[in-house]
Amino acid sequence: METIGFIGLGRMGAAMATNLLKAGYRLRVYNRTPQKMEPLVAQGAIAAAHPFEVAEPGGIVITMLTNDAALDEIVFGTGGLQDRLGKNGVHLSMSTISPQTSRRLAEHHRQHGGHYVAAPVFGRPDAAAAAKLWIVLSGPAEAKMRVQPVLRAMGQGLFDFGEDPGAANIVKLAGNMLIGAAIEAMAEAYTLAEKNGISREALHEMISTTLFACPVYQNYGRMIAHQTYEPVGATATLIRKDMELVLQTAWASLVPMPLADLVHNRLTARIARGRGEADWAELALEVVEGRS
């Protein structure tokens, strides 16, 4: 198997990279905080001192970074990927970023004879560790075919949304908006039940096994019903960034999205109360505590 470059070893990235090692891929890894590379190095990965060192000409580099600015810095900054991948190289971006950034990066790589594939993921860190992520992808057909075995080592299913490099990012943003709306809906419904003498937990058990028997209502619903938000998956600060991207894309598309705006405001309130590093599902407490 070829050597894969992997940049970004946060909660999600570290788990995803570990699964690539388990699948037999050789890895070169980079993270801004060097200590986060140590567990992977102990499993056989090679640590890079600079982002460009993870790339082989014509190879595959995966990025799993927090936002558009971090990705731009990795690609275009001093010691970045820039021209390193070169002809036939594939930049596999698995971050949640704007569709505009994906399209701009795709054009950059195309000008250098390479390819860009957007492949953001759905799933919390425990799903990443179990290689149970759902992955949406878009980009050039040839490049998507090449990276499919790599993606299957990290996820349980792939959904292809065509060749527009921004399409997968729009799907990811739409999915996160739906999750946020579900969290808000459960928070309101469970609080209504509780204030009328009905157990939050009992309502959750009924709802999550009948009307809404799906992972979001089962897993996030359990957190909201029991008001227990540990362990942290995605933080309020991180997902607020995603909601900003949703609203920016909605504005550019002339699509009114009042629910997305509400979720964004809930997350803003949590961060203002010093809860930015808590799980984003804590936005449900804004309902429980009667705040707006």
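Look above for the structure.
The paragraphs below set out a description of the structure included in this document. Please read all numbers here as calculations on a predicted model, not as lab measurements.

Some points on the nonpolar core
- Residues Phe6, Met16, Leu20, Ile62, Met94, Leu151 and Met154 are the most contacted members of the largest nonpolar core, which totals 36 residues.
- Among the secondary structure elements, those contributing two or more residues to this core are strand S1 (3-7), helix H1 (11-22), strand S2 (26-30), strand S4 (60-63), strand S5 (90-93), helix H5 (125-129), strand S8 (133-137) and helix H6 (141-152).
- The biggest single contributor to this core is H1, with six residues.
- Those residues in contact with Met94 that sit more than four places away from it in its chain are Met16, Ile62, Thr63, Met64, Ala119, Pro120, Val121, Ile135, Leu151 and Met154.
- In this structure, Ala187, Ile239, Met243 and Leu283 belong to the second largest nonpolar core, which totals 33 residues.

Some words on the packing of aromatic side chains
- The tally for this structure, following the rule as stated, stands at three aromatic pairs.
- Taking 4.4 Å as the distance between ring centres and 15 degrees as the angle between the ring planes, the aromatic pair formed by Phe212 and Tyr217 counts as stacked.
- For Phe212, a relative accessible area of 37% corresponds to the partly exposed category.
- Residues Tyr220 and Trp280 carry aromatic rings whose centres are separated by 6.0 Å and whose planes lie at 85 degrees to one another, so their mutual orientation is edge-to-face. Of this pair, Tyr220 sits in helix H9 (residues 215-226) while Trp280 sits in the loop between helix H11 (258-272) and helix H12 (285-288), placing them 60 residues apart in sequence.
- The buried category is assigned to Tyr220, whose relative accessible area is 9%.

Focus: the pattern of salt bridges
- As enumerated under the stated definition, the model contains 15 salt bridges in all.
- A salt bridge links Arg104 to Asp72; the shortest N-O distance between them is 3.0 Å. Here Arg104, found in helix H4 (residues 99-111), pairs with Asp72, found in helix H3 (residues 68-76); they are 32 residues apart in sequence, far enough to count as distant.
- Looking at Arg104, the relative accessible area reads 38%, which means it is partly exposed.
- For Arg273, the salt bridge is made with Glu286, and the minimal N-O distance between the two is 2.9 Å. A residue pair is termed long-range when its members are at least 10 positions apart, and Arg273 in the loop between H11 and H12 and Glu286 in helix H12 qualify at 13 residues.
- Residues joined by salt bridges that share partners form a network here, namely Arg270, Arg273, Arg275, Glu282 and Glu286.

Observations regarding the environment of Tyr190
- Turning to its location among the elements, Tyr190 is positioned in helix H7 (residues 167-194).
- Separated by 45 residues in sequence, Tyr190 and Thr235 have C-alpha atoms that sit 22 Å apart.
- Dropping the residues within four chain positions of it, Tyr190 is found in contact with Arg200, Leu203, His204, Ile207, Gly221, Ile224 and Ala225.

The rules behind these values
- Residues numbered from 1 in each chain as written.
- Predicted model: local features only at pLDDT ≥ 70, side-chain atom pairs only at ≥ 80, totals over all residues.
- Heavy atoms only, no water.
- Core = buried A, V, L, I, M, F, W, Y, C linked by side-chain atoms within 4.5 Å.
- Buried < 20%, exposed > 50% of the residue type's maximum accessible area, 1.4 Å probe, protein only.
- Helix = DSSP H or I, 4+ residues; strand = E, 2+ residues; numbered from the N terminus.
- Contact = heavy atoms within 4.5 Å.
- Phe/Tyr/Trp six-rings, centres within 6.5 Å; stacked < 30°, edge-to-face > 60°.
- Salt bridge = Lys/Arg side-chain N within 4 Å of Asp/Glu carboxyl O.

These figures come from the coordinates and say nothing about function on their own.
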